[in-house]
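So you can see what is in the structure, the chains are spelled out below.
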Amino acid sequence: MTRYVRSKAPLRLSFAGGGSDIEAVFKQIGGAVLVATINKYSYVSIAPREDHQIRIRSLDFNLETEYSLAGETPYDGVLDLAKACVAEMGIKQGLDISLQTEAPPGSGLGSSSSMTIALLAGLHTLLHRHMDPYDLAEQAFAVERVKMKISGGRQDQYACAFGGFNLVEFHSDNIEVTPLRLRPDALNDLESHCMLCFTGRTRLSANLIDKQVAAFQDPAGTSRAGTEKLKDLAYEAKNLLLRGKITEFGHLIHEAHLAKKKMNPLVTDEFIDSLYDEARKLGAFGGKILGAGGGGYLMFFVPIEIKQKIREKLEEMGGVFTSFGFCPEGVQTWTSVCP
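Just so it is clear, the model here is predicted, and its values are computed rather than measured.

**Q** Describe the overall build of the protein chain, naming the residues involved and giving the relevant values.
**A** Per the secondary structure count, the protein chain includes 11 helices and 12 strands. Since a compact globule built from 339 residues should have a radius of gyration of about 20 Å, the 20 Å found for the protein chain is in line with a globular shape. In terms of overall dimensions, the protein chain has C-alpha extents of about 60 × 45 × 35 Å along its principal axes. For the protein chain, the share of sequence-separated contacts (at least 6 apart) that also reach a separation of at least 24 residues comes to 74%. In the protein chain, which carries 37 positive and 41 negative side-chain charges, the distance between the mean positions of the two groups comes to 2 Å.

**Q** Lay out the packing of aromatic side chains with the relevant residues and their values.
**A** The relative placement of two aromatic rings is captured by the distance of their centres and the angle of their planes. Per the counting criterion, the structure on display carries 14 aromatic pairs. When the centroid spacing of 4.9 Å and the interplanar angle of 80° are considered together, the rings of Tyr134 and Phe162 count as edge-to-face. Of this pair, Tyr134 sits in helix H4 (residues 133-147) while Phe162 sits in helix H5 (residues 155-162), and the two are 28 residues apart along the sequence. Look at Tyr134 and you get partly exposed, because its relative accessible area is 31%. Taking the relative accessible area as the measure of exposure, Phe162 reaches 22% and is therefore partly exposed. Among the aromatic residues, ring-to-ring pairing joins Phe15, Phe165, Phe249, Phe301, Phe324 and Phe326 into one connected group. It is Arg6 that lies over the ring of Tyr4; its NZ or CZ is 4.5 Å from the centre.

**Q** Summarise the sheet that holds strand E10 (residues 297-301); cite the residues concerned and give the values.
**A** Two modes of strand pairing occur in sheets, parallel and antiparallel, and in both the strands are linked by backbone hydrogen bonds. One open sheet holds the four strands; their spatial order is E9-E10-E8-E11, and the pairing between them is antiparallel. Strands at the two margins of the open sheet, each flanked by one partner only, are strand E9 (286-289) and strand E11 (320-322). Put simply, the sheet's adjacent strands are angled 25° from each other on average, direction ignored. In this structure, strand E8 (residues 194-198) lies alongside E10, joined through five bridges in antiparallel fashion. Considered in E10, the bridge of Cys197 is made with Leu298. Sheet strands in contact with helix H10 (residues 270-282) are E9 and E10, and its direction is about 10° off that of E10. Contacting E8, E10 and E11, helix H11 (residues 307-317) runs over the sheet at an angle of about 5° to E8.

**Q** Which residues make up the environment of His128, and what are the values?
**A** As for its placement among the helices and strands, His128 is situated in the loop between helix H3 (111-126) and H4. Along the chain, His128 and Phe300 lie 172 residues apart, while their C-alpha atoms are 42 Å from each other.

**Q** So what's going on with H3? Which residues, and what values?
**A** Owing to its 3.6 residues per turn, the α-helix aligns residues three or four sequence positions apart on the same side. In this model H3 runs 22 Å from its N-terminal to its C-terminal C-alpha over 16 residues, within 8% of the 22 Å that 1.5 Å per residue would give. Of all 16 residues making up H3, 14 are buried, and the element is well covered by its neighbours. Remark: His128 follows H3 within two positions and exhibits a positive phi of approximately 60°.

**Q** Explain the packing of H3 against H4 residue by residue, including any values.
**A** Each packed pair of helices is defined by two parameters, the angle between the axes and the distance between the axes. Running from N to C, H3 and H4 point in directions that differ by 120°, and their axes come no closer than 10 Å. Between H3 and H4, the crossing angle belongs to the class labelled oblique. Read as a crossing pair, H3 and H4 show a hand that is right-handed. Contact residues: H3 offers Ser112, Ser113, Thr116, Ile117, Leu120, Ala121 and His124, while H4 offers Leu136, Ala137, Gln139, Ala140, Glu144 and Arg145.

**Q** So what's going on with the nonpolar core? Residues and values would help.
**A** Val44, Ile46, Ile56, Leu95, Ile97, Leu119 and Leu123 are the most contacted members of the largest nonpolar core, which has 41 residues in total. Considering every element that reaches this core, the biggest residue donor is H3, with eight residues. With sequence-adjacent residues up to four places away left out, Leu119 is seen in contact with Ser7, Val44, Ile46, Ala82, Cys85 and Ile97. Judged by nonpolar contacts, the second largest core, of 38 residues, contains Ala36, Ile38, Leu196 and Tyr297.

Criteria and cut-off values
- Residues numbered from 1 in each chain as written.
- Predicted model: local features only at pLDDT ≥ 70, side-chain atom pairs only at ≥ 80, totals over all residues.
- Heavy atoms only, no water.
- Helix = DSSP H or I, 4+ residues; strand = E, 2+ residues; numbered from the N terminus.
- Rg over C-alpha atoms; globule rule 2.2 N^0.38 Å.
- Contact = heavy atoms within 4.5 Å.
- Lys, Arg positive; Asp, Glu negative; His and termini not counted.
- Charge placed at Lys NZ, Arg CZ, Asp CG, Glu CD.
- Phe/Tyr/Trp six-rings, centres within 6.5 Å; stacked < 30°, edge-to-face > 60°.
- Buried < 20%, exposed > 50% of the residue type's maximum accessible area, 1.4 Å probe, protein only.
- Lys NZ or Arg CZ within 6 Å of the ring centre and 35° of its normal.
- Pairing = 2+ DSSP bridges.
- Axes fitted to C-alpha atoms, helices over the stretch in contact; angles between N-to-C directions.
- Expected span 1.5 Å × (residues − 1).
- Parallel < 35°, antiparallel > 145°, perpendicular 65-115°, else oblique.
- Left-handed = near helix turned anticlockwise from the far one by under 90°.
- Core = buried A, V, L, I, M, F, W, Y, C linked by side-chain atoms within 4.5 Å.

No statement about biological role is implied by the geometric values presented.
Laid out in structure tokens, this is it:
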């Protein structure tokens, strides 16, 4: 009887501080990000084989790759990040691995890191190893950013490993995760005022992040000031949430959106700005483009009585809304005999 190892890791929303989690940035000015996980997930299923073949399938993109552990890992552009996770874990037995996520790469919800965390956690469970969330997040960072040279920061790995609402602080010599213990009424109120709108396209974040780092290092530009403002807003946003001040929190997220555009004007374009400006015109407290921007999801904070009006108008313009809720759990693993 085949015993499967299964895992899932949540996707995330970043409220304020994104960009300050990039090593080239926080090594100079420190960093802080307020981030929360949502009930959208990346899923992994792992089944042992009797041979030394690794077969990896992406159910989202109908992609499949197969190679032998007896040779070199073939990094050929097909599911290379998953191959790198297998290599990182020193796997010696053949495996069938299936991958699926509820948001595409480049959506701004941290889906690539979510998948990496889920796959690494599943492989640890297969090998009967325990790894705490800090170590798992750093291992995922090493695979994504160091081994595979995918530009980006560290907030996604920590958010997906820990789960829940967290203030993640990035110091030159360590990283500290502080869970927020929000009152249930504040959490429910926040969730009921949030809207998630897909812009209809994704983007490659690496180019945007590389340009952001270059802009940060330009003393004549505005990027450094925008990044420092975003870091400060992460602390302010945390304090507002802990006090249950949801309206003020929504207005602050608008400040974060403006600071993010100051940090890197390429995070939005004419279409994204038109969606955002229309939502504000109709009465949204605030919102922001998620992730590195350039596409993916917009998040809005909206008075409940005008949510439907905003949905209808932005859908006319080409936006697509997605329902979600916040979730307290980080990555989870389990075993099953059910195919």
